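# Coordinate inspection notes
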Amino acid sequence: MNQKAQPNYTFALVIVIAVCFLIGFVTTMNNSMIEFCKNAFHLNNFQSQLVNSAFYGAYIMSIPFGFMMSKIGYKATLVLGLAVVGLGFVINYLCISGNLDGNVSTTYWMFLGCMFIVALGIVMLQLVANPYVMVLGSPEKGAFRMTFSQALNSVATTVAPIFIASVILSGKKAENAVPSDIPFPYLGLGIFTLILCAILYFLKLPNIDEGKQAAEATGVQKEYKSSVFKYPHVWLGALGIFMYMGLEIGIPSMLTAYFEANNPIPGKSATDVLFLYWGGMMVGRFVGAGILSKFQPRVLLSACLIGGAACVGISFFLSGAAAVYAMLAAGLFHSVMWPLVFNLGLQELGPHTKAASGIINLGVVGAATLTPLMGMVVDKPELGVGTAICMMFIYYAYVMWFCWKGSKIGL
């Protein structure tokens, strides 16, 4: 008897990877705007971190969007997400360009509101990208595909800070930033996204039954619990992503305050070196995709947690440029944490995969919560940026616990 041929999902994977690029570009561009906004809108550390709150706060909609995706499917969610991202950028252009002569504080709140709209679309795209990559092929290669897609996502995260410096700032220093630098680059991004949305609307993408796919792969019809809410490892995975976001976004978010407090590299700002952090994440994800073929995800995640914590810890014993580069090197180890934590949280869920993706994505609000909290710590003279950076060791500890204990609960 001939074995049933496996479907070819190459084209669908290419589309999802393109979406991963857009997610990475927009997300990192937003975070890279912290120093820009702090100077252009005359903000303190806490206020500048509201850029993260506005963007990552949209992930509070992850659960309802996840259930929406269960109803309308992957493709419709993908198209809707792109439409919302594009419209958010266009609205940003209209609002800010129409208020350049108005109150600077009002302009900043308009910017935050528009980025929240953009982020709502990014949440939808994130919901599609993560589970879709996992199910577009054999289950045992899910972690590899997710890590590889995140590696290409990191190409975008490396390009985004360069886009800020060369296009939005047009080569001038971040301290000379003004609100009028924003509108036209954002309009271009909006038009590009809407064109991509229109193209994808007419393309055919596969709709996948995760439960049936798992049964075909194992030859066993697995029984699943009646609700995704009955799987503790899903909720613990969401908290794992929550803590992880304090790691991924913590270093680039605190770098501006670190430069202001220490002036570690005279003549350079945080924006000038931030690409090294995202570049390290890009390299780490490509390397990680290869390593995953030889090591179990839990082993690799543990090694990366230890490596990242070591880089941050070593930076406290160094000074000047060496301390900065030690912190930036943590990006190499942070690189594969997202796909590995996400993969562990989505294990053995079958038909609940879409809804679980929404729950786990809810953890991204960690970037909206933890970084402003770290900003408040920085603003307290008796604590400072060093204390804020030390908070990251708490995040490392929880993710390590989830890796070996929390991810096994409820399977």
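In case you missed it, the structure is sitting above this.
So, here's what we can say about the structure. (Residues numbered from 1 in each chain as written. Predicted model: local features only at pLDDT ≥ 70, side-chain atom pairs only at ≥ 80, totals over all residues. Heavy atoms only, no water.)

## Overview of the state of the cysteines
Rules: Pairs of cysteine sulfur atoms within 2.5 Å are identified as disulfides in what follows. The rule is simple: take the accessible area with a 1.4 Å probe, protein chains only, and divide by the maximum for that residue type; under 20% is buried, over 50% is exposed, in between is partly exposed.
Evaluated as defined, the whole model comprises zero disulfides. We note that cysteine 95 lacks a disulfide partner, and the nearest cysteine sulfur, in cysteine 114, lies 4.2 Å from it. Its relative accessible area of 28% is what places cysteine 95 among the partly exposed residues.

## Considerations on empty space enclosed by the protein
Rule in force here: Definitions used throughout: a 1 Å grid over protein atoms alone; a cavity as a set of points that fits a 1.4 Å probe which cannot get out; a pocket as an open set with protein on both sides within 12 Å along at least five of seven lines; a lining residue as one with an atom within 4 Å of a point. Grid points are joined across faces, edges and corners, and a volume is the space filled by probe spheres set on the points. Per the convention used, a helix needs a DSSP run of H or I reaching at least four residues, while a strand needs a run of E reaching at least two, with both numbered from the N terminus. Only Asp, Glu, Lys and Arg are considered charged, only Ala, Val, Leu, Ile, Met, Phe, Trp, Tyr, Cys and Pro nonpolar, and every remaining residue, Gly among them, polar.
Throughout the structure, instances matching the rule amount to two cavities of 30 Å³ or more. Within this model, the second largest cavity holds a volume of roughly 50 Å³. Forming the walls of the second largest cavity are Asn31, Ser32, Ile34, Glu35, Pro252, Thr256, Ala270, Thr271 and Leu274. Taken together, the elements giving at least two residues each to the lining of the second largest cavity come down to helix H1 (10-40), helix H10 (250-262) and helix H11 (270-291). Classifying every residue of the lining of the second largest cavity by side-chain character gives four nonpolar, four polar and one charged.

## Regarding helix H15 (residues 353-361)
Counting buried residues in H15 gives nine out of nine residues, a clear majority hidden from the surface. Of the positions making up H15, those classed as buried are Thr353, Lys354, Ala355, Ala356, Ser357, Gly358, Ile359, Ile360 and Asn361.

## Section: helix H9 (residues 232-248)
Put simply, the test is: Any helix carries an expected span of 1.5 Å times its number of residues minus one.
For H9, built from 17 residues, the straight-helix expectation of 24 Å at 1.5 Å per residue is met to within 8% by its first-to-last C-alpha distance of 24 Å. In terms of burial, H9 is largely enclosed, as 14 of its 17 residues are buried.

## Some thoughts on the side chain of serine 62
Selection criterion: In the analysis that follows, any N or O atom pair within 3.5 Å is treated as a polar contact, provided that within protein one partner can donate a hydrogen and the other can accept it, and provided that, for residues neighboring in sequence, both atoms belong to side chains. Here, two residues are considered to be in contact whenever any of their heavy atoms come within 4.5 Å of each other.
Locating serine 62 in the fold gives a position in helix H4 (residues 62-97). Polar contacts involving the side chain of serine 62 include one to the main-chain carbonyl oxygen of tyrosine 59, which spans 2.7 Å. A polar contact is formed between the side chain of serine 62 and the backbone oxygen of asparagine 361, at a distance of 3.4 Å. Not counting residues within four places of it along the chain, the set of residues in contact with serine 62 comprises Val123, Leu127, Gly358, Asn361 and Leu362.

## Focus on the packing of H4 against H15
Put simply, the rule reads: Axis lines are fitted through C-alpha atoms, for helices just across the contact stretch, and the angle between N-to-C directions can take any value from 0 to 180 degrees. Note on terminology: angles under 35 degrees are roughly parallel, angles over 145 are roughly antiparallel, angles of 65 to 115 are roughly perpendicular, and the others are oblique. Each helix crossing is assigned a hand: it is left-handed if the near helix lies turned anticlockwise from the far helix by less than a right angle, otherwise right-handed if that turn is clockwise.
For the pair H4 and H15, the least separation of the axes is 7 Å and the interaxial angle reads 155 degrees. Between H4 and H15, the angle falls in the class roughly antiparallel. Regarding H4 and H15, the two cross each other, and that crossing is right-handed. Contact residues: Ser62, Ile63, Gly66, Phe67, Met69, Ser70 and Tyr74 in H4; Lys354, Ala355, Gly358, Ile359 and Asn361 in H15. Classifying every residue of the contact of H4 with H15 by side-chain character gives six nonpolar, five polar and one charged.

## Observations concerning the pattern of salt bridges
Pairing is possible between side chains of opposite charge, provided their charged atoms come close. Just so we agree on the cut-off: We define a salt bridge as a side-chain nitrogen of Lys or Arg found within 4 Å of a carboxyl oxygen belonging to Asp or Glu.
Taken as a whole, this structure holds one salt bridge when the rule is applied. Put simply, glutamate 260 and lysine 38 hold a salt bridge, and the shortest N to O gap is 2.7 Å. Remark: lysine 38 occurs in helix H1 and glutamate 260 occurs in helix H10; sequence separation between them is 222 residues. In this structure lysine 38 comes out as buried when scored by relative accessible area, which is 10%.

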